[in-house]
Amino acid sequence: MALEAISENVCFGGVQGVYTHGSSACSCPMTFGLYLPPAANTGQKVPVIWYLSGLTCTHENAMIKAGAQGWAARHGVAVVFPDTSPRGENVADDPEYDLGQGAGFYVNATEAPWAPHYRMWDYVTEELPELLFHEFPLDPEAQGITGHSMGGHGAMTIAMTRTGTYRSLSALAPIANPTESDMGRRQFAAYLGSDRALWRAHDSTLLMRESPFPGPILVDQGDADPFIENLRPEALAEAVAVSGQDARIRRHPRYDHSYFFVASFMEDHIRHHADILHGR
């Protein structure tokens, strides 16, 4: 798990780094981005927000397009940008964009040919946190998690499953009901097999009905999103109503699925997490 710095750049008084390490969870090298705010310059432990990206993304997309660093610096929080899947010549892939490299769906695959490398749940929730809390001044008692699209799906399912780990949760245009969506059924069948009962643990709408998150949630969705039928925000809203979850689900006319949408509401999401993680 030796950590190697690829780049470190001063950004809003803090440092935006990119690092690589050998992953035992994914059995391949993995790359991630980490923004440390100025508050961490003295070694003070700072709260951390995990940002999970969507289909086709690497660690880099949100790091350079979401505009998170300025708001993170202002609010004194770190932001981690993991990759979305294992990568490499020996890692299984698919010609379609929504399966294989760039499309790990934040699950531990059990089926061939995916099982040897596609263990993104373990990577994001166990291996990478262990590494980062050892190497950087991050507070393990002040973690939040968010994400976009496939990453919003990952953030919500992880937070609702590991409720003692994450104190804050939000999502941008999440794939909210993948067991009933073309963005989910094919991938779950490939990664997890044909037993749909095993898919339920990775569907935030189903999880919401059974065990809502113990805190307020912020979700943003663009009404002009071309993928909205597969994201199924209405299913999530219904589950929120049934469960009594404390949630703001905001719909925005004219906004699509792009990083222009993400950047437009990044300040709100950073503030949402920072207020909770700082105890404000």
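In what follows, the structure referred to is the one given above.
Residues numbered from 1 in each chain as written. Predicted model: local features only at pLDDT ≥ 70, side-chain atom pairs only at ≥ 80, totals over all residues. Heavy atoms only, no water.

Caption draft 1: Local environment of the overall build of the chain. Scanning the chain from N- to C-terminus turns up nine helices and nine strands. In summary, the chain has a C-alpha radius of gyration of 17 Å against a globular reference of 19 Å for 280 residues, a match within 12%. Along the first, second and third principal axes, the C-alpha atoms of the chain reach 50 × 45 × 35 Å. In the chain, which comprises 280 residues, the share counted as buried stands at 58%. Taking the contacts inside the chain whose residues are at least 6 apart along the sequence as the reference set, 71% of them involve residues at least 24 apart. Taking the average location of the 19 positive side-chain charges in the chain and that of its 33 negative ones, the two points are 7 Å from each other. (Helix = DSSP H or I, 4+ residues; strand = E, 2+ residues; numbered from the N terminus. Rg over C-alpha atoms; globule rule 2.2 N^0.38 Å. Buried < 20%, exposed > 50% of the residue type's maximum accessible area, 1.4 Å probe, protein only. Contact = heavy atoms within 4.5 Å. Lys, Arg positive; Asp, Glu negative; His and termini not counted. Charge placed at Lys NZ, Arg CZ, Asp CG, Glu CD.)

Caption draft 2: Up close: unusual backbone geometry. Residue A112 is joined to P113 through a cis peptide bond whose omega torsion reads 0°. In this structure, F12 takes a positive phi of about 50° despite not being glycine. Note on placement: F12 falls in the loop between β1 (3–11) and β2 (14–23). Owing to a relative accessible area of 58%, F12 belongs among the exposed residues under this scheme. With phi around 45°, A173 is a residue other than glycine that occupies positive phi space. Residue position: A173 is located in the loop between β7 (168–172) and α5 (185–192). For A173, a relative accessible area of 0% corresponds to the buried category.

Caption draft 3: Structural detail: the nonpolar core. Counting 88 residues, the largest nonpolar core has L34, Y51, Y123, L132, L138, I145 and Y191 as its most contacted members. For this core, the element with the highest residue contribution is helix α9 (residues 259–277), accounting for eight residues. (Core = buried A, V, L, I, M, F, W, Y, C linked by side-chain atoms within 4.5 Å.)

Caption draft 4: Region of interest: the state of the cysteines. Enumeration according to the criterion identifies zero disulfides in this entry. With no disulfide partner, C28 has as its closest neighbouring cysteine sulfur the one in C26, 5.3 Å distant. C26 supplies the cysteine sulfur nearest to C57, a cysteine that is in no disulfide, at a spacing of 17 Å. Looking at C57, the relative accessible area reads 6%, which means it is buried. (Disulfide = S-S within 2.5 Å.)

Caption draft 5: Spotlight on the sheet that holds strand β5 (residues 78–82). Read across the sheet, nine strands follow the order β1-β2-β3-β5-β4-β6-β7-β8-β9 without closing on themselves; strand pairing throughout is mixed. At either end of the open sheet lies a strand with only one pairing partner, and these are β1 and β9 (247–252). Looking at each pair of strands side by side, their axes are set apart by 20° on average, direction ignored. Most of the contacts of helix α8 (residues 233–243) go to β9, to which it runs at about 155°, and overall it touches β8 (217–222) and β9. (Pairing = 2+ DSSP bridges. Axes fitted to C-alpha atoms, helices over the stretch in contact; angles between N-to-C directions.)

Caption draft 6: Quick peek at the pattern of salt bridges. Applying the stated criterion across every chain yields a total of 15 salt bridges. One salt bridge in this structure joins D268 and R271, with 3.5 Å as the shortest N-O distance. Taken as a pair, D268 and R271 lie in helix α9 at a separation of three residues, close to a single helical turn. Accessibility expressed as a relative area gives 22% for D268, which makes it partly exposed. Through salt bridges with shared partners, one network takes in D220, R250, E267, D268 and R271. (Salt bridge = Lys/Arg side-chain N within 4 Å of Asp/Glu carboxyl O.)

Caption draft 7: Seen up close, the side chain of S168. Within the secondary structure layout, S168 lies in strand β7. Taking the relative accessible area as the measure of exposure, S168 reaches 0% and is therefore buried. A polar side-chain atom of S168 sits 2.7 Å from a polar atom in the side chain of H273. In contact with S168, not counting residues within four places along its chain, are Q143, G144, I145, F213, H273, I276 and L277. (Polar contact = N/O pair within 3.5 Å; in protein donor to acceptor, adjacent residues only side chain to side chain.)

Caption draft 8: Here's a closer look at the environment of A68. Assignment of secondary structure puts A68 in helix α2 (residues 68–75). Measuring from C-alpha to C-alpha, the distance between A68 and Y35 comes to 8.9 Å, with 33 residues separating the pair along the chain. With sequence-adjacent residues up to four places away left out, A68 is seen in contact with F81, M266 and I270.

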